[in-house]
Amino acid sequence: MAVGSIACNGDGCELETASLQALMGALLQTLAAVPAALLEVRGVSKAFSGVAALSDVSLTLAAAEVHAVIGENGAGKSTLIHVLTGAQPADAGSLHLQGRHYAAASPAEAAARGVAVVHQDPQLVGSLSALDNLFIGQKFPRLPGLGRWLMDRAAMRQRAVEACTEAGLDFDVRALLDSLVGELSVTQRTQLALLRCLMSAPELLILDEPTAALTSTDAQLLLSQMDALRRRGKAVLFVSHRLDEVLQIADRITVLRNGSRVATVPARGQTAASLIAAMSGQAEAPLMSSPNAVRSARLPAKLLEIKQASTADGRLRAADLTLHAGELLGLYGLAGSGRTELLELLVGLRAGRADALSAHGQEVRVNSPQAAVARAWVLIPEDRRGHALVPGMRVRDNLTLPFLRRFASLRGFGWLSLRRERAAAVTAMKSLNIKATGPDQSVLELSGGNQQKVVFARALAMRTGQQAQVLLCDEPTQAVDVSTRRAIHQLLREHCARGGAAVVVSSDLSEMLELAQRVVVLREGVTVADLSGPNLTAPEVLRWCFALPQAPAHADTTRAR
Amino acid sequence: MTHRLKNTLAGFIKAYGTVAALLLICLVFAVLSPNAFATLGNAVNVSRQIAFLVLVAVGATLVMAAGEFDLSVGAAASLGGVMAAQLAVLGVPVPLAVLFTLAAGMVFGMANGWLVGRFKLLSFITTLATGTMLAGFTFWLTDGSTVFNQIPEVFTLWGRAVWLGLPGPSWVMACVVGMAWLLMQRTPFGRQLYAVGGNERAARLVGVNVMRHKVWAFGLCALVATGAGVLLASRLGSAHPTGGNGLFLPAYAAAFLGMTAHRSGVPHVLGSLLGAATLGILANGLTILNVPSFLQDMVTGAIVVAAVVFQKISAGPSR
């Protein structure tokens, strides 16, 4: 204004005012066109040990908007949430919340700025009551006077009920306040976690796969609550694998692929098929090339077959798997589809039921890892430090642990020959080109890739005689460098060419298509598809993962049994 | 190769740090009391005094290597003395009485291991409870009184004998330490036991029978602890139903001291021997210097805390 009044003197006055007005008008128009951005993410990037998890991602969230973020496994959704909630700082880029710079360094700071998150697995304390859980980490209402150091439970109760009504949540919180959280159902826990978030009156609510564990009726309740929040002017960031829900509730949809934003589109006019095409980045996948074309000529023996496998916790409900000698089979599914559970069931780490479990056509029982090892079924677990290696031990101790008796006198019950044991460790290290100062180096000092090679070298050395070995690999190339990744691919191919077989679980769909000749798709604990040959394409795999209703003509022939 | 050399060097410094501390303690006592402490006779004395403690500490080490704790070792030692003495008094031939007692102790320990392994119980709580039960049983055996009447002379033979200048308990200690060291370092069982303690899930995944290893570890632990009790009763010529309880805490102090003498900080047999020797030499030297026993306890406790803190600091922030 000061500029306008100074310029407004003499002849130029009218002209100046007119141009100012025009400028203001244009400005107002721009403001009207873009909805007031509550959150603005500009060019955010994040890498983990050189691998980009997010690259140059920008998006805006308006008040009173439900904004969905979708993508395949590893597309960067989780990393985006971590950056938004302060769990992990961004490497580059900037964030603005309500017009002010926003760089939360911790979840507590994010909460203070009005950003709240409900995780897929609600972080609640099972041994405390629902009421206590609502107030953990927050200021407890206290009794007056001398009772200052006591909680005012009546006030807590009242605040919980008030928060519920304010947010327009359509559920009776009073009924479950006194129950222990461990006794609540999954839906009730999700409701409780949501209410806990809303008690701090956030402006932006992030829901990370909140409906993954819910039945569709219960999910509808959550969707209607999201709608209620939207009508109260809150912004909701909704991350989900369930495309029908996304299409039902979201105003806009952002698609991530390989850490980059592919598109942000209004939900209206989109279909599940168009979203899958955007996520996979190809309308039609190229035919994959098999490195071992010879194999298809002969009829290979069935090394392993499991039918109708299920676990008591319901993570696995009806999974079938058949593995032939020489086969490299891919097992694909979204997070929580039961991939890891199926592998763990096969090696006896997890209790469960199966209609039939057979090896070489004969029915077998595998109810302990020892029984699995005896059949040469070896699991390469996802968490190599936590589940595969003994961190306090040397490389050689880790390498020879499963077959130490080979180096002991008296048929394995006498003294160890440390010389022979060491020689075996050195041979194993050489065979996979493991980089270490020697067999006596502590295994923790090795790089992630070399640690994974130790796990593989050990697994391969466990084979005795002419046994056809089955390697069950859970995310075998996760967090390893490129050359190790290539070495592991090569190793798996050679293993299968020698007559062994392997099942590979990977969240990286392109890796799976490159590696496997056949891919079995799991969805919510059920095998839904068995794809090979021309049907083995990225859109086809994703279509089965996301349970698209309309199936193309050849679906019946590709479906498992 | 230089890296490996550096590693070995660092390991040696760590191992010798504890040894150096022990030597320093010896040096101080030797200067303060050249005529009483720094004599061969006293050294032999110390070796006999620490024998019982070393046995219990070695037993505890086996269980700790498997990642568990056995809080019933004191009760097992008490049982050992009372049961063997009582059986001998009742006229059972001494070798048979001792064998039976050792077997009973081993069965008790294996039951501990089975409970812990089969039901995935916390060994802390399990052995606290079974140890309490065993203490009650031991009390019942003698109605709470000390067994000393009519103990045959053969019973006290081993505890009081001296061969080649070394007392009987010292010989037993040397044999048990040697065998336990071989078991832990030179057999598949020992290596697999360490793997169970280092990462139980990984050990199970490659086919190690975790429960069987725990059963044996607890069994051997109780066996050695019971043996320590028998030996103590043989030495004293009497057995009190709480006679072995006093060995429990020092045994764990010795094992923890021993862990500081290892570059990865794992429990190991020679370390426990070293730890027990440190505690024994401290007690011996301070007694010779007429330091009151309450002050001895305070010094001993302070040294254990200092050693553990020192190890944490020198290991750095990386786990």
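See the structure shown above.
This text gives an overview of the structure that appears in the document. (Residues numbered from 1 in each chain as written. Chains lettered and ligands numbered in written order. Predicted model: local features only at pLDDT ≥ 70, side-chain atom pairs only at ≥ 80, totals over all residues.)

Some points on the packing of helix 4 (residues 94-119) of chain B against helix 5 (residues 123-142) of chain B
All names here are of chain B. So the rule is basically this: Note on geometry: axes are C-alpha line fits, over the in-contact stretch for helices, and angles between N-to-C directions span 0 to 180 degrees. Helix and strand assignments come from DSSP, with helices taken as H or I runs of at least 4 residues and strands as E runs of at least 2, each series counted from the N terminus. Should the near helix be turned counterclockwise from the far one by less than a right angle, the crossing is left-handed, whereas a clockwise turn marks it as right-handed. By the convention adopted here, residues are in contact when the distance between their C-beta atoms, placed from the backbone, does not exceed 7 Å. Amino acids outside the nonpolar list (Ala, Val, Leu, Ile, Met, Phe, Trp, Tyr, Cys, Pro) and the charged list (Asp, Glu, Lys, Arg) are all regarded as polar, and Gly is one of them.
Interaxial distance between helix 4 and helix 5 falls to 10 Å at its minimum, and their mutual angle equals 145°. When you trace helix 4 past helix 5, the crossing you get is right-handed. Each of Phe108, Asn112, Leu115 and Val116 in helix 4 lies in contact with helix 5, whose residues at this interface are Ser123, Thr126, Thr127, Thr130 and Leu134. In the contact of helix 4 with helix 5, the residues fall into four nonpolar, five polar and no charged.

Here's the deal with helix 10 (residues 272-280) of chain A
Residues and elements named next belong to chain A. Just so we agree on the cut-off: Counting other C-beta atoms within 10 Å of a residue's own tells you its class, since 20 or more makes it buried, 12 or fewer makes it exposed, and anything in between is partly exposed; those C-beta atoms are placed from the backbone. This arc is taken over the directions from the axis of the helix to the C-beta atoms.
Inspection of helix 10 places Leu275, Ile276, Met279 and Ser280 among the buried residues, and these make up the whole buried set. Across the axial projection of helix 10, the buried residues extend over an arc of 125°, all falling on one side. At its buried positions, helix 10 is contacted by strand 3 (66-70), helix 9 (243-249), strand 9 (252-257) and helix 20 (538-545). Just past helix 10, the residue Gly281 takes up positive phi, approximately 80°.

With respect to the pairing of strand 2 (residues 51-62) of chain A
All names here are of chain A. Just so we agree on the cut-off: Pairing between strands requires that DSSP locate at least two bridges from one strand to the other.
Here strand 1 (residues 37-48) runs beside strand 2; their pairing, made up of eight bridges, is antiparallel. Bridging across to strand 2, Val41 finds its partner in Leu59. Where strand 1 folds back on strand 2, the antiparallel hairpin that results is connected by two residues, among which Ser49 adopts a positive phi of roughly 40°.

Digging into the sheet that holds strand 13 (residues 328-333) of chain A
Residue and element names in this part refer to chain A. Across the sheet, six strands lie side by side as 16-17-18-13-19-20; this open sheet has mixed pairing. Every interior strand has two partners, whereas the edge strands, strand 16 (377-380) and strand 20 (526-532), have only one. Along the sheet, successive strands turn relative to each other by an average axial angle of 20°, direction set aside. Each of strand 13, strand 17 (470-474) and strand 18 (501-505) is contacted by helix 18 (residues 482-497), which is oriented at about 145° to strand 18, the strand it contacts most.

Describing the interface of chain A and chain B
Between chain A and chain B, the residue contacts involve 26 residues of the former and 20 residues of the latter. Elements that contribute at least two residues to the side of chain A that touches chain B include exactly helix 12 (369-374) and helix 13 (384-388) of chain A.

Here we look at the sheet that holds strand 4 (residues 92-97) of chain A
All names here are of chain A. Pairing within the open sheet is antiparallel, and its four strands lie in the order 2-1-4-5. Looking along the sheet, the strands with just one partner apiece sit at the ends: strand 2 and strand 5 (100-101). In this structure, strand 4 lies alongside strand 5, joined through two bridges in antiparallel fashion. If you follow Leu97 over to strand 5, its bridge partner there is Arg100. On the sheet, helix 3 (residues 77-85) packs against strand 1 and strand 2 and is oriented at approximately 65° with respect to strand 2.

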